[in-house]
Amino acid sequence: MERRPIIVINFGSQYVQLIARRVRELGVYSEILSWDAPLEEIKRKNPYGIIFSGGPASVYEPDAPLPPQGIYQIGIPILGICYGLQVVAHQLGGRVVKADHQEYGRAPLRIIKPDPLFEGIPESFDVWMSHADRVEELPPGFERIADSPGSPNAVIAGKDKKIYGLQFHPEVAHTEHGKEILGNFLFRICGARKNWEMGDFIEEKVKEIRHQVGDATVISALSGGVDSTVASVLVNRAIGGRLHCFFIDHGLLRLNERQEVESNLRSLGLNVRTIDASDLFLDRLRGVEDPEEKRKIIGRTFIEVFEREASKVKGAEFLLQGTLYPDVVESAGIRGSAKIKTHHNVGGLPERMNLKLLEPLRELFKDEVREIGKLLGVPSEILKRHPFPGPGLAVRIIGEVNREDLEVLRKADRIFIDELKKAGFYDEVWQAFAVLLPIRSVGVMGDVRTYEKVIALRAVESTDGMTADWSRLPHEFLDRVARRIINEVRGVGRVVYDISSKPPSTIEWE
Ligand code: XMP
């Protein structure tokens with residue numbers, strides 16, 4: 001039986017996936033189509049309803065993206081969001097103009113007329129706005145439902161309750177009651193039935209991967225982290241033995257990490273080969289102090305090693321990557337820099353090796369990936385792992401990296417993480433780790449003057465790693481960790497706690 005979707009029409013918004021995701025969270029299947037998709041295609045899908053996304057254009061510009069005019073005649077409910085609202089107003093005979101004051105960020109919305117779209121929601125609440133144009137005159141047959149200080153027509157509705165427009169973004173977390181508004185659209189306006197669960201995603205992806213890959217072979221570089229593991233388990237379910245995974249030990253892993261990752265991955269039935277390239281990496285890093293130079297050497301060496309090993313796999317046509325939606329947004333330059341992802345995504349490799357990319361998680365967010373991982377039987381230990389940077393401990397030893405310092409850092413880091421787990425804080429912080437500083441500090445142990453290394457502890461709260469604040473871990477806890485590190489790790493004489501937020505500092509020290 002064909003599953004009836006909600007169709008999200010993409011006008012170039014950075015939030016389009018988020019809209020589709022919210023619909024799925026509400027239990028209704030959703031699909032994204034481009035704004036120029038033919039009307040026939042939309043009709044063929046027999047959607048419950050259509051959502052127009054936002055977008056950067058202005059409807060009154062000559063090349064503005066507009067859907068086929070016939071979309072308003074097929075009798076399917078439509079919800080226009082931001083630019084989508086302006087599209088509705090413009091195409092149905094209203095007037096959209098450049099606003100005197102742009103409205104960005106939080107704005108109070110006031111409901112003027114009760115409407116099924118706002119059933120069960122207070123009469124005024126805060127919404128998230130981001131627009132430079134506004135609806136000046138309503139199209140015939142429309143009425144005003146709500147306003148905000150910068151948008152007299154912040155919500156408009158056709159009198160037959162089929163077509164709606166919202167100037168604000170109900171899909172973003174900053175809009176209060178956003179999910180309820182979308183839910184009202186789906187269930188009260190469109191009469192949608194729940195027809196979607198995460199398990200369905202797995203089933204459909206497995207079919208899609210089989211179709212895309214055919215008889216070919218897929219190669220994957222595993223880090224042992226959430227994204228690459230879940231992606232590999234998913235592809236393994238689709239094509240089994242034709243997935244070849246590589247785990248490269250660059251000598252910059254944490255204590256026992258290699259053994260743990262290997263046994264985890266094997267228990268998931270993956271065909272994994274570990275490549276011990278630690279000598280090569282550490283040799284090349286000898287004498288190098290500059291952080292960027294260290295990263296470049298590691299990135300280059302990683303590609304070289306992976307390329308050498310992967311080229312031995314016969315019939316490899318695809319390279320699997322655990323790219324998530326935020327990575328896609330980042331690489332498109334919409335927010336932040338894409339630089340941290342170059343190593344992570346083995347950049348440049350697919351073209352060099354003439355491989356096609358396979359990115360089955362590209363429309364998902366991290367928490368959705370965790371949910372899928374859980375359904376696929378990935379142990380919670382992997383799903384809850386803190387992010388770990390591609391260059392590993394090399395960016396946590398400030399300055400030159402050598403084996404001796406790696407040993408010291410590994411022991412200190414393990415104590416910190418063990419204590420976090422014991423105290424129940426590990427799952428509460430986004431990321432925690434130890435850093436080895438390139439300085440020595442004076443101390444006294446048993447009447448003897450010491451002159452030893454300094455460890456910095458870092459623990460942060462974050463939702464996506466783009467911004468972060470330092471974790472307010474209890475003093476007694478930090479005291480316990482510091483005592484253990486100084487007592488148990490030879491060579492460390494002092495422990496400090498990092499209380500910088502990002503920005504202006506970054507999460508990692510290098
Ligand atoms: P920063 O230090 O830039 O880190 O605030 C943000 C998040 O990204 C991780 N990170 C990396 N991940 N390759 C990665 O795969 C890298 O080169 C890299 N550098 C930083 C970092 O651990 C944090 O979670």
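Residue numbers restart at each chain and count upward from 1, following the sequence in its written direction. Local features in this predicted model are restricted to residues whose pLDDT is 70 or higher, and side-chain atom pairs enter the listing and the counts only when it is 80 or higher, whereas totals over whole chains, interfaces and linings include all residues. Hydrogen atoms and water are omitted, and side-chain values are computed over all heavy atoms in the structure.

Enquirer: Got a minute to help me understand the overall build of the protein chain in this structure?
Expert: Looking only at helices and strands, the protein chain features 16 helices and 18 strands. A burial count over the protein chain gives 55% of its 510 residues as buried. At a minimum sequence separation of 6, the contacts of the protein chain that also span at least 24 residues come to 75%. Method for areas: the Shrake-Rupley scheme with a 1.4 Å probe, in which residue coverage is limited to the protein chains shown. Per element, the accessible surface of the protein chain, about 23200 Å² overall, is 49% carbon and sulfur. Secondary structure follows DSSP: runs of H or I at least 4 residues long count as helices, runs of E at least 2 residues long count as strands, and numbering of each begins at the N terminus. Throughout, exposure labels follow a simple rule: accessible area from a 1.4 Å probe, protein chains only, divided by the maximum for the residue type, with under 20% read as buried, over 50% as exposed, and the rest as partly exposed. Whether two residues touch is decided by their heavy atoms; if any such pair falls within 4.5 Å, the residues are in contact.

Enquirer: Explain the sheet that holds strand β4 (residues 78-81) to me, please; I cannot follow it from the model alone.
Expert: Hydrogen bonds along the backbone pair up the strands of a sheet, which may run parallel or antiparallel. Taken in spatial order, the 9 strands make up an open sheet running β2-β1-β3-β4-β9-β8-β7-β5-β6, and their pairing is mixed. With partners counted over all chains shown, the strands left at the sheet margins are β2 (30-34) and β6 (124-137), one partner each. Averaged over all adjacent pairs, the angle separating strand axes in this sheet is 25 degrees, with direction ignored. By the bridge criterion, 12 bridges tie strand β5 (residues 95-111) to β6 in an arrangement that is antiparallel. By the bridge assignment, G105 is partnered in β6 with M129. Packing against the sheet, helix α1 (residues 16-25) makes contact with β1 (6-10), β2, β3 (49-52) and β4, and its axis sits at approximately 155 degrees to β2. In this analysis an axis means a line fitted to C-alpha atoms, helices contributing only their contacting stretch, and an angle means the value between N-to-C directions, from 0 to 180 degrees. Sheet strands touched by helix α3 (residues 83-91): β3, β4, β5, β6, β7 (142-148), β8 (151-158) and β9 (163-166). Its angle to β4, the strand with the most contacts, is close to 120 degrees. At least two DSSP bridges between two strands are required for those strands to pair.

Enquirer: Would you mind showing me how to read the site of the ligand here?
Expert: Being near a molecule or strand, for a residue, means having at least one of its heavy atoms within 4 Å of it. In the region of the ligand, 14 residues are neighbours, and R295, Q431, K502, I507 and E508 sit closest. Nitrogen and oxygen atoms within 3.5 Å of one another constitute a polar contact, given that in protein one can donate a hydrogen and the other can accept it, and given that sequence-neighbouring residues count only through two side-chain atoms. Within the contact set of the ligand, an oxygen atom lies 2.6 Å away from a side-chain nitrogen or oxygen of R295. When the ligand sits alone it has 490 Å² of accessible area, and the protein chains cover 90% of it. In the shell around the ligand, the residues fall into 6 nonpolar, 5 polar and 3 charged. When residues are sorted by character, Ala, Val, Leu, Ile, Met, Phe, Trp, Tyr, Cys and Pro go into the nonpolar class, Asp, Glu, Lys and Arg into the charged class, and all the rest, Gly among them, into the polar class.

Enquirer: Would you mind going over helix α8 (residues 278-285) with me for this structure?
Expert: Because each turn of an α-helix spans 3.6 residues, side chains separated by three or four positions end up pointing in the same direction. Among all positions in α8, only S278, F281, L282 and L285 are buried. The arc that holds every buried residue of α8, seen down its axis, measures 90 degrees, which confines them to one face. For α8, the secondary structure elements touched by its buried residues are β11 (243-249), β12 (272-276), α9 (291-310) and α15 (403-423). Following α8 by one or two positions, G287 has its phi on the positive side, about 80 degrees. This arc is built from the directions going out from the helix axis to the C-beta atoms.

Enquirer: Whenever I open this one, the packing of aromatic side chains confuses me. Can you help?
Expert: Note on aromatic pairs: each is described by the distance of the centres and the angle between the planes. When the centres of two rings from Phe, Tyr and Trp lie within 6.5 Å, Trp using its six-membered ring, the rings pair. Their planes under 30 degrees apart give stacked, over 60 give edge-to-face, and anything left gives tilted. Under the defined criterion, the tally for this structure stands at 8 aromatic pairs. Taking the centre distance of 5.2 Å and the plane angle of 85 degrees together, the rings of F425 and F477 count as edge-to-face. Remark: F477 occurs in helix α16 (residues 475-488) and F425 occurs in the loop between α15 and β15 (431-445); sequence separation between them is 52 residues. Residue classification places F477 among the buried residues on the basis of a relative accessible area of 2%. On the numbers, 6.1 Å between centres and 75 degrees between planes, the contact of W470 with Y497 is edge-to-face. In this pair, W470 sits in strand β17 (residues 469-470) while Y497 sits in strand β18 (residues 492-497), placing the two residues 27 residues apart along the sequence. Feature note: the residues F11, F52, Y72 and Y83 constitute an aromatic cluster, connected by ring pairs.

Enquirer: Help me understand the domain arrangement of the protein chain, please; the structure alone is not making it clear to me.
Expert: Quite often, the size of an interface is put as the accessible area lost when its parts meet. Where each domain starts and ends comes from a domain assignment, either automatic or drawn from a database. Segmentation of the protein chain into domains returns domain 1 (6-189), domain 2 (198-383) and domain 3 (402-497). The C-alpha centroid of domain 2 is placed 38 Å from the C-alpha centroid of domain 1. If you look at the interface, domain 1 gives 7 residues, while domain 2 gives 8 residues. Put simply, buried area is the surface a 1.4 Å probe can reach on two separate parts but cannot reach once they are joined, added for both. Where domain 1 abuts domain 2, roughly 720 Å² becomes buried across the two surfaces, and 51% of that area is made up of carbon and sulfur atoms. The three residues of domain 1 that bury the most area against domain 2 are Q14, Q17 and R21, which together make up 68% of that side's buried surface. The working definition used for a salt bridge is a side-chain nitrogen of Lys or Arg within 4 Å of a carboxyl oxygen of Asp or Glu. Where domain 1 meets domain 2, there are 2 salt bridges. Between R24 and E368 there is a salt bridge, and its shortest N-O distance comes to 3.4 Å. Broken down by class, the residue content of the side of domain 1 that touches domain 2 amounts to 3 nonpolar, 2 polar and 2 charged.

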